[in-house]
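Secondary and tertiary structure notes
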Amino acid sequence: MSRQTYTIGVDFGTESGRAVLVDVRNGQEIATAIYPYANGVIDDKLPGTNIRLEPDWALQDPNDYLDVFKNTIPTILKESGVDPADVIGIGVDFTACTMLPTKADGTPLCMLPEWRNTPHAWVKLWKHHAAQPEANQLNQIARELGYSFLDRYGGKISSEWFFPKAWQILNEAPEVYAAADRLIEATDWVVWQLTGVETRNECTAGYKAMWSKSEGFPPNEFFKALDERMELIVDQKMSRTLLPLGAKAGGLSQQAAEWTGLLAGTAVAVANVDAHVTLPVTGNTDIGTMVMIMGTSTCDVMNGEQRDQLPIVEGMCGVVDGGIVPGMLGYEAGQSGVGDIFAWFIEHGVPGEYFTQAEAEGLNIHSLLEREAAKLKPAESGLLALDWFNGNRSTLVDVELNGLVLGMTLATTAPEIYRALLEATAFGKREIIETFNQSGVPIRKLIAAGGLPEKNHLLMQIYADVTNYEISVIASKQAPALGAAMHGAVAAGLEAGGYADIASAAKQMGRLKAETFKPIPANVEIYDQLYAEYKVLYNYFGRGENDVMKRLRMLRHAALTA
Ligand SMILES: Nc1ncnc2c1ncn2[C@@H]1O[C@H](COP(=O)(O)OP(=O)(O)O)[C@@H](O)[C@H]1O
Ligand SMILES: O=C(CO)[C@@H](O)[C@@H](O)COP(=O)(O)O
């Protein structure tokens, strides 16, 4: 009989890291541990100082990532009683683009005393939105010089991605840029910490750093056209050697073995991204299945067939050959704010009486609002909202757009607004789906994953009604971590008891829940009408007809910096 083997996945989210230990044969999750980052999202002051960050900044502390390894992996090994010798592989996934400057040996600049008080020396989290001027300029120069790579990103590079962030460092802190021997995605950095060797993955390079398998990075002249000092950024601070997803990045180093309790030499998979790693957890890697990873934000990922001419989908985050699964075209789109919008409303918009009622009933406040909002029919509140509280990623690629709730009266209630916000994110999703469908990249199936489908069934029903798709849900509660674990089993390979490729791992280790969310025809009809109104607002405020949101931002910035 063959040996029983296990694999570990570690998912680095926005607020915490989660590790899961999984049975390689069937994907059964044996043990899970969560470690909240001590410094969380740094958007106010640098830790331990009074140094204030400007609006739109979001940083993290790389030491928190190491603490995730040191805390979660020993916990899951202990809890499961699994022999470390039976753990054949480990994979990680991360938010992206989350990037940092380091020295040549991988030491993050912010860990060095001389750089500790310099904001640009810290990790820039995916939702760091302060590089918009650089993104605007990059897009304009690329367009003027006729670079076609913009097409692979639906026409625009987002300020959330790698080069706008790197350029912001150069513009605002040239001394940090000069001191950074390496600029690297956090997902590659944590793999470096595990193996002791710097490697880079094709996924983040493709979606976040303008790289493609056929063309590589844009040429040095392009970076020179942005800023002379950036001409050699790729050769000097990055790498042109990129590894495919599922490949082995290396073996676990002695030091990482000591941190984790695993054996030195355990296979470590090439770094991956939280959204992309989740697709195989559906149980297959079929073309045309869009997987929505719904949490703080939502990422949408989908495999498509190979084509001679890449399709252009407005505002997609990218199309990358092998970006999700080697050999297929991987598409990514997304919404920068989803769960975060509901969290904002609860924090800043819900009267105390609802909290008192929730406490009395032993409910969490979301569940109480969900229950009350579920009593309303579509359109009954008279409200319509725009889901741009954290900007718009797809399809407008504009972090300077803001949220909006229209139709409020003196009779408007908190559950009504809560429902309008749930609906707004569903309308945003429909906009993405329709854009793909109209661009020759049809979406045949919709599957949801992440924290939200578990937590809020009303939200899922609204998504089914607004999009008119039946929605399946991934069975795992820790889908990205399970996806990372699957990649760990592929990196270990067949001979070690793992898998030859991610498609075979998906078949054995991934699955969906039996329950699905089916569109309710009467609701679909009403939501069609509301969506038509949403589109009017979307185009009016989002496509330059009325730039009031941008003017308000400029006035706010001026007031804050006066
Ligand atoms: N019952 C709920 N309904 C809607 N949103 C919720 C609910 N509970 C938590 N949230 C939101 O879900 C988000 C967290 O999602 P989750 O998938 O767990 O994390 P992450 O995106 O960091 O991986 C938070 O923004 C939170 O406000
Ligand atoms: O943009 C990506 C992936 O490409 C995500 O990492 C980012 O939206 C953050 O995701 P979460 O909301 O933290 O799950």
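Residues numbered from 1 in each chain as written. Chains lettered and ligands numbered in written order. Predicted model: local features only at pLDDT ≥ 70, side-chain atom pairs only at ≥ 80, totals over all residues. Heavy atoms only, no water.

Let us look at empty space enclosed by the protein. Per the stated rule, a full pass over the model turns up 5 cavities of 30 Å³ or more. Roughly 80 Å³ of volume is contained in the largest cavity. Residue classes in the lining of the largest cavity are distributed as 6 nonpolar, 3 polar and 3 charged. (1 Å grid on protein atoms, 1.4 Å probe; cavity = no way out; pocket = protein on both sides within 12 Å on 5 of 7 lines; lining within 4 Å. Points joined across faces, edges and corners; volume = space filled by probe spheres on them. Nonpolar A, V, L, I, M, F, W, Y, C, P; charged D, E, K, R; others polar.)

Strand order in the open sheet made by the 7 strands is β14-β15-β13-β12-β18-β19-β20, with mixed pairing throughout. Here the strands that pair on one side only, and so sit at the sheet edges, are β14 (318-321) and β20 (512-517). Taken pair by pair, the neighbouring strands of this sheet meet at an average axis angle of 25°, ignoring direction. Pairing analysis gives 5 bridges linking strand β12 (residues 289-294) to strand β18 (residues 445-449), with the strands arranged parallel. When the sheet's bridge partners are listed, M290 is paired in β18 with L446. Lying on the sheet, helix α13 (residues 414-438) is in contact with β12, β13 (298-304), β15 (329-335) and β18; it crosses β15 at an angle near 150°. (Pairing = 2+ DSSP bridges. Helix = DSSP H or I, 4+ residues; strand = E, 2+ residues; numbered from the N terminus. Axes fitted to C-alpha atoms, helices over the stretch in contact; angles between N-to-C directions. Contact = heavy atoms within 4.5 Å.)

Here the focus is the packing of helix α12 (residues 365-374) against α13. Two numbers describe a pair of packed helices, the interaxial angle and the distance between the axes. It is the contact of α12 with α13, at a shortest axis distance of 8 Å, that shows an interaxial angle of 90°. Taken together, α12 and α13 sit at an angle that is classed as roughly perpendicular. Together, H366, L369, E370, E372, A373 and A374 of α12 and A414, P415, Y418 and R419 of α13 make up the contact between the two elements. (Parallel < 35°, antiparallel > 145°, perpendicular 65-115°, else oblique.)

Another point: the site of ligand 2. Taken together, 13 residues lie around ligand 2, and T14, A96, K208, S297 and E332 are the ones closest in. In this structure, T14 approaches ligand 2 through a side-chain N or O atom, which is 2.6 Å from an oxygen atom. One nitrogen or oxygen atom from the side chain of R393 is found 3.0 Å from an oxygen atom belonging to ligand 2. Protein coverage of the free-state accessible area of ligand 2, which is 380 Å², stands at 93%. (Near = heavy atom within 4 Å. Polar contact = N/O pair within 3.5 Å; in protein donor to acceptor, adjacent residues only side chain to side chain. Areas by Shrake-Rupley, 256 points an atom, 1.4 Å probe, with all protein chains shown as cover.)

This next bit is on the UniProt feature "domain: Carbohydrate kinase FGGY N-terminal" (unreviewed entry) in the protein chain. On the UniProt side, "domain: Carbohydrate kinase FGGY N-terminal" (unreviewed entry) is annotated at positions that read residues 6-278 here. Secondary structure over residues 6-278 splits into 31% helix and 19% strand, and the C-alpha atoms at its two ends are 18 Å apart. (UniProt positions renumbered as here; feature names shortened; annotations may be inferred.)

Bringing the side chain of E370 into the picture now. Mapped onto the fold, E370 is located in helix α12. For E370, the side chain forms a polar contact with the main-chain nitrogen of H457, separated by 3.0 Å. In this view, E370 contacts Y418, K455, N456, H457 and L458; residues no more than four positions away in its chain are not counted.

Here helix α2 (residues 132-144) contains 13 residues, and its C-alpha end-to-end distance of 18 Å stays within 8% of the 18 Å for a straight helix at 1.5 Å per residue. Within the span of α2, buried status applies to Q132, E134, A135, L138, N139, I141 and A142. Turning to α2, the residues buried within the fold contact α3 (162-172) and α7 (220-226). One or two positions beyond α2, positive phi appears at G146, with a value near 75°. (Expected span 1.5 Å × (residues − 1). Buried < 20%, exposed > 50% of the residue type's maximum accessible area, 1.4 Å probe, protein only.)

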